[in-house]
Amino acid sequence: MTDITPDLCDDNPELVRVLEPMLSNFGGREAFSGEIVTVKCFEDNSLVKENLATPGKGKVMVVDGGGSLRKALLGDMIAESAVENGWAGVIINGCIRDVSTVSSLDLGVQALATIPLKTDKRGIGDYNVPVTFGGVTFKPGEYVYADSNGVVVAEKPLDLPL
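The structure contained in this document is the topic of the report that follows. (Residues numbered from 1 in each chain as written. Predicted model: local features only at pLDDT ≥ 70, side-chain atom pairs only at ≥ 80, totals over all residues. Heavy atoms only, no water.)

**Examining the pairing of strand E4 (residues 59-64)**
Here is step 1 of the chain: The buried fraction of E4 is high, at 5 of 6 residues.
Here is step 2 of the chain: With 6 bridges connecting them, strand E3 (residues 32-40) and E4 associate as parallel partners. Each bridged residue has a counterpart across the sheet, and for Ile 36 the counterpart in E4 is Val 60.
Here is step 3 of the chain: You can see the chain leave E3, run along helix H2 (residues 46-52) and come back into E4, and the turn it takes is right-handed.
Here is step 4 of the chain: Pairing analysis gives 5 bridges linking E4 to strand E6 (residues 89-96), with the strands arranged parallel. Paired with Val 62 across the strands is Ile 91, a residue of E6. (Buried < 20%, exposed > 50% of the residue type's maximum accessible area, 1.4 Å probe, protein only. Helix = DSSP H or I, 4+ residues; strand = E, 2+ residues; numbered from the N terminus. Pairing = 2+ DSSP bridges. Right-handed = clockwise from strand over helix to strand, strands pointing away.)

**Points about the environment of Thr 38**
Here is step 1 of the chain: Position of Thr 38 among the secondary structure elements: in strand E3.
Here is step 2 of the chain: With 97 residues separating them along the chain, Thr 38 and Gly 135 place their C-alpha atoms 16 Å apart.
Here is step 3 of the chain: Apart from residues no more than four positions distant in its own chain, Thr 38 is found in contact with Val 62, Asp 126, Tyr 127, Asn 128, Val 129, Val 131, Phe 138 and Pro 140.
Here is step 4 of the chain: A distance of 2.6 Å separates the side chain of Thr 38 from the backbone oxygen of Val 129, its partner in a polar contact. (Contact = heavy atoms within 4.5 Å. Polar contact = N/O pair within 3.5 Å; in protein donor to acceptor, adjacent residues only side chain to side chain.)

As structure tokens, then:
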């Protein structure tokens, strides 16, 4: 079940919002979905690290990193923490690093690109606020579905195709 977003779009055209094609898959889980939790930050992943270290069963963190290509907002240690805490995935309007390790984890990860530089930790950012990028607003409590075809958002849970 890796091609879920085309079927969701076909079956629910009036219920879905589709992210512009801008992200690539980097995680070990190609298709993932869950309730949206958001972080808005710029070149500081303090809130990403802090919140992925909390229970996240059935949830996907959507990170608006302002599209920065200068610092990685997710690396191997934070991704491993997300797996340990049951997160389904992370969608990042920004970069990640430690790609070989991240790709081996049972975690969905989509991001703009990779870069080996880590962020500064200043504790700056916003948690669980609506974030907008790629023509879509991601609201905490809504649902996101992602695979190699793209990212789809809906206000409520949708029946996944068989």
